[in-house]
Amino acid sequence: MSVPLHELALANAGLAGAPLRHAQRLVATWQPLADLCFSDLLLMAPVDGEEGHRFVVLAHVRPTTGQTLYPADLVGTVVHEVERPVVARAWRKGEIVGGDTTVLGRRDKARVQCVPMRHRDRVFAVLTRESAMTSGRRPGELERHYMDVFDRLARMISEGTFPFARDEVELEEAPRVADGVIVLDDGLRMRYASPNAISALHRMGIHAFTHGLQPREIGFDQDAAETAIGMRLPVMEELERGDTSVLVQAIPLIEGGRVTGVVVFVRDVTDLRRRDRILMSKDATIREIHHRVKNNLQTIAALLRLQGRRLKSTEAQEAIEESERRIRSIAIVHETLSRDSGDVVSFGDIVRPLVRVVEETVSTDEQRLRFDVEGDAGDVPGVVATPLAVVLNELMQNAVDHAFPHEDGESVEGHVRVVLDREPDELVIQVVDDGVGLPSDFSLEKSRGLGLSIVHALVTSELGGSIEMRDANGTQVNVRIPIKAQGADL
Ligand SMILES: Nc1ncnc2c1ncn2[C@@H]1O[C@H](COP(=O)(O)OP(=O)(O)O)[C@@H](O)[C@H]1O
Ligand SMILES: [Mg+2]
């Protein structure tokens, strides 16, 4: 539909408020109606101020069970009373009117059924069912039952009880007429089941469809139908039987305030559910792998630590310790990925454990350092989170190692802030300390330390970002990483 229904309705038919919402609810769920009557359905409303002489087509649906009369879109078309007297008659009398007429805009004959659409006792629109003239062929059993259900729903429309006064969440997987239809009477006895419904029952292991019995008596759950009658509202439910999953939608049929039956749409969703399960198990496998990678990295870190303890040289020991910390910061990312489903991690969840790794290296008697994490970086893809974790570890470790020098036996206080910020296409991470600041001859490009070399390589080459270090009553490091909008693949 090119023009939204509400705009057309308001501009041409002066339709607004509750009746308009009623019309919108119909249009949101009327595909089964078109399928049940094998016809095109048009929703028309009288052009404002013309007392029902001209009508505008607000919406149009084609049957998926039959051929359309209108391959071209009719929405917005204005129909004059002279062209379609039946529409005007249904409008004035407020009754369902049928008649032979011509196809809109053409000469061929058409059969039309006009259903006045009521909302709280007021007719505000007309639904027309448009079909080609039949060749006098007697309709089959399926057609008769479908038409009967359509006629009952049409009467509900004219009584104002259909669509139901509740916004349906239109499930994409909701059963369609072609999936299978079962008709129950007011005593929940089965009156008809379409061939596809019977096949679905077969797949559930039910082979004895018997007219006049209740679904329960042949082993088919009827809770949905009972609830639909009790609440006078449609009810959707999923049934499982062995490997078979069937989605059931029960719609109560109401006439003159009395429930006269239930139409049950059934859809075999076994294949759909199987695909869901495969996707889910894929997800579980990925998480399991992250878990194992994390375990392996932790083992490597522990082995390095054992090795470091045996070394005599302090320099060598420190090098091993640094390596161990780098490995542990990568393990943290895998641990987070193993907990969440999907390929993104909330970066805030990684920062805190990273801070803890660095805090462990602080000797608390001499260095009283406080770490704070501020702001939020949102979700970050795993491929970005891993290098970033290493970067953040290096920057925080540098604050501990260089910003707060002190003599033996002396104590020093300090504050290290990690500030996260997420801009639409950029992630900004700042590590700010209130220490002694960078050496006067410091330049990032010329710095030969391994830590900043790693940081520089990861930020610029691997992540395509930028890094800036400056003195600001201490040292402030700004890292900016370009990142696509959330939800986009990296
Ligand atoms: N937060 C900081 N405060 C003061 N100096 C720093 C800070 N961060 C880095 N530096 C300086 O940058 C140098 C290079 O750091 P880095 O490449 O990590 O090597 P390392 O930490 O092994 O010395 C440090 O030796 C230090 O002089
Ligand atoms: Mg360092």
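In every chain, residue numbers begin from 1 and rise along the written sequence. Key to labels: chains lettered from A, ligands numbered from 1, both in the order written. Local features in this predicted model are restricted to residues of pLDDT 70 or higher, and side-chain atom pairs are both shown and tallied only at a pLDDT of 80 or more, whereas totals for entire chains, interfaces and linings draw on every residue.

Colleague: Help me understand the overall build of the protein chain in this model?
Modeller: Helix and strand counts for the protein chain come out as 12 helices and 18 strands. In terms of overall dimensions, the protein chain is more spread out than a globule: its C-alpha atoms have a radius of gyration of 35 Å, far above the 23 Å expected for 490 residues. Along the longest, intermediate and shortest principal axes, the C-alpha atoms of the protein chain span 105 × 55 × 35 Å. Buried, partly exposed and exposed are defined by the number of other C-beta atoms within 10 Å of a residue's own C-beta, namely 20 or more, between the two limits, and 12 or fewer respectively, with C-beta atoms placed from the backbone. Per-residue burial over the protein chain gives 37% buried out of 490 residues. Only runs of H or I of at least four residues qualify as helices and only runs of E of at least two qualify as strands under DSSP, and these elements are numbered from the N terminus. Within these notes, the globule rule equals 2.2 Å times the number of residues to the 0.38 power, and the radius of gyration is based on C-alpha atoms.

Colleague: Looking at this structure, how should I read the site of ligand 1?
Modeller: The immediate surroundings of ligand 1 are formed by 17 residues, with Asn-398, His-402, Gly-449, Gly-451 and Leu-452 found nearest. Mapped by element, the contributors of at least two residues to the shell around ligand 1 are α11 (382-403) and α12 (450-462). Broken down by element, the shell around ligand 1 gets its largest block of residues, 6 residues, from α11. Its residues assigned to classes, the shell around ligand 1 comprises 7 nonpolar, 7 polar and 3 charged. Here, nearness is defined through the C-beta atom: a residue counts as near a molecule or strand if that backbone-placed atom lies within 6 Å of it. Residue polarity is assigned by list, with Asp, Glu, Lys and Arg as charged and Ala, Val, Leu, Ile, Met, Phe, Trp, Tyr, Cys and Pro as nonpolar; anything else, Gly included, falls into the polar class.

Colleague: In this structure, what is going on with the packing of helix α9 (residues 314-339) against helix α10 (residues 347-359)? I would like to understand it.
Modeller: A pair of packed helices can be characterised by two numbers: the angle between their axes and the separation between those axes. To define axes, lines are fitted to C-alpha atoms, for helices over the stretch in contact only, and angles between the resulting N-to-C directions are given on a 0 to 180 degree scale. Closest axis-to-axis distance for the α9/α10 pair is 10 Å, and the angle between their directions is 150°. Classed by the angle they form, the pair α9 and α10 counts as roughly antiparallel. Handedness of the crossing formed by α9 with α10: right-handed. Each of Arg-325, Arg-328, Ser-329, Ile-332, Val-333 and Thr-336 in α9 lies in contact with α10, whose residues at this interface are Asp-349, Ile-350, Pro-353, Leu-354 and Val-357. Class assignment for the residues of the contact of α9 with α10 results in 6 nonpolar, 2 polar and 3 charged. The cut-offs work like this: below 35 degrees is roughly parallel, past 145 is roughly antiparallel, 65 to 115 is roughly perpendicular, and the gaps in between are oblique. Two helices cross in a left-handed way if the nearer one is turned anticlockwise from the farther one by less than a right angle. They cross in a right-handed way if the turn is clockwise. By definition, residue pairs are in contact when their C-beta atoms, positioned from the backbone, come within 7 Å.

Colleague: Help me understand the confidence of the model for the protein chain in this model?
Modeller: Detail in the predicted coordinates should be disregarded across regions flagged by low pLDDT. By definition, pLDDT measures how confident the predictor is in each residue, and it falls between 0 and 100. For the protein chain, per-residue confidence averages 90 on the pLDDT scale, and 97% of positions sit at 70 or higher. Contacts for the low-pLDDT stretch residues 486-490, under 50 throughout, to residues beyond four places or in other chains number 6 contacts.

Colleague: Whenever I open this one, α12 confuses me. Can you help?
Modeller: For the α-helix, the turn length of 3.6 residues means that residues three or four positions removed from each other point alike. Within α12, the full set of buried residues consists of Val-455, Leu-458 and Val-459. One side of α12 carries all its buried residues, which in axial view fall inside an arc of 90°. Exposed residues on α12 whose side chains face more than 90 degrees from its buried face are Thr-460 and Ser-461. Looking at the packing, one finds that the buried side of α12 touches α11, β17 (466-471) and β18 (475-482). Residue Gly-464 follows α12 closely and has a positive phi angle near 65°. An arc is given here, and it is the one of the directions from the helix axis to the C-beta atoms.

Colleague: Help me out: how do you make sense of the domain arrangement of the protein chain in this one?
Modeller: Much of the literature gives interface size as the accessible area that the parts lose upon coming together. Segmentation of the protein chain into domains returns domain 1 (5-159), domain 2 (177-268), domain 3 (274-342) and domain 4 (362-490). In this complex, domain 3 contributes 7 residues to the contact, which on the side of domain 4 involves 7 residues. Considering only residue class, the side of domain 3 that touches domain 4 consists of 4 nonpolar, 1 polar and 2 charged. Throughout the structure description, domain borders are defined by an automatic or database domain assignment.

Colleague: What exactly am I supposed to notice about the packing of α9 against α11 here?
Modeller: Remark: α9 packs on α11, axes separated minimally by 9 Å, with the N-to-C direction vectors making an angle of 140°. When the axes of α9 and α11 are compared, the crossing they make is right-handed. Taken together, the residues of α11 that come into contact with α9 (itself represented by Arg-325, Arg-326, Ser-329, Ile-330, Ile-332, Val-333 and Leu-337) are Gly-382, Ala-385, Thr-386, Ala-389, Val-390, Asn-393 and Gln-397.

Colleague: In this structure, what is going on with the sheet that holds strand β6 (residues 122-132)? I would like to understand it.
Modeller: Two modes of strand pairing occur in sheets, parallel and antiparallel, and in both the strands are linked by backbone hydrogen bonds. In short, DSSP must find at least two bridges between two strands for them to pair. Reading across the sheet, the 6 strands line up as β3-β2-β1-β6-β5-β4 and stay open at both edges, with antiparallel pairing between neighbours. The open sheet has two edge strands, β3 (78-80) and β4 (97-102), and neither has a second partner. On average, adjacent strands in this sheet sit at an angle of 35° to one another, irrespective of strand direction. Contacts from helix α1 (residues 5-13) reach β1 (40-46) and β2 (54-61) within the one sheet, and its direction differs from that of β2 by about 175°. Against the sheet, helix α5 (residues 141-159) contacts β5 (109-119) and β6, and its axis sits at roughly 45° relative to β5.

Colleague: Hey, could you run me through the nonpolar core in this one?
Modeller: For soluble globular proteins, the rule of thumb is that nonpolar side chains tend to be buried together. Counting 81 residues, the largest nonpolar core has Met-44, Ala-45, Leu-58, Val-126, Val-262 and Val-264 as the members making the most contacts within it. Mapping this core onto the domain boundaries places at least three of its residues in each of domain 1 (5-159) and domain 2 (177-268). Linking buried Ala, Val, Leu, Ile, Met, Phe, Trp, Tyr and Cys residues through C-beta atoms within 7 Å yields a set, and such a set is a nonpolar core.

Colleague: Any chance you could explain the environment of Leu-8 here in plain terms?
Modeller: Among the structural elements, Leu-8 can be located in helix α1. Between the C-alpha atom of Leu-8 and that of Arg-422, which follows or precedes it by 414 residues, the distance is 42 Å.

Colleague: Sorry, what's going on with the sheet that holds strand β10 (residues 244-255) here?
Modeller: If you trace the 5 strands from one edge of the open sheet to the other, you get β8-β7-β11-β10-β9, paired in antiparallel fashion. For this open sheet the edge positions go to β8 (190-193) and β9 (235-241), each flanked by a neighbour on one side alone. If you compare each strand with its neighbour and ignore which way they point, the axes differ by 20° on average. With respect to the sheet, helix α6 (residues 195-203) is in contact with β7 (181-185), β8, β10 and β11 (258-268), its orientation differing from that of β11 by roughly 65°. Strands in contact with helix α7 (residues 223-231) are β7, β9, β10 and β11; relative to β10, the strand with the most contacts, it is inclined by about 25°.

Colleague: Where do I start with the pairing of β17 in this structure?
Modeller: Along any regular strand the residues' side chains alternate between the sheet's two faces. Bridge count between β17 and β18: 6 bridges; the pairing is antiparallel. When the bridges of β18 are listed, Met-469 appears paired with Val-477. Counting the residues between successive antiparallel strands, the hairpin from β17 to β18 contains 3 residues, one of them, Asn-473, with a positive phi of roughly 50°.

Colleague: Honestly, helix α4 (residues 85-93) in this entry has me stumped. Any pointers?
Modeller: Along α4, the residues that are buried comprise Val-87, Ala-88, Ala-90 and Trp-91. All buried residues of α4 project into a common sector of 160° when viewed along the axis, lining one side. Looking at the buried residues of α4, the elements they touch are β1, β2, β3, β4, β5 and β6. A positive backbone phi angle near 70° is found at Gly-94, which sits one or two residues after α4.

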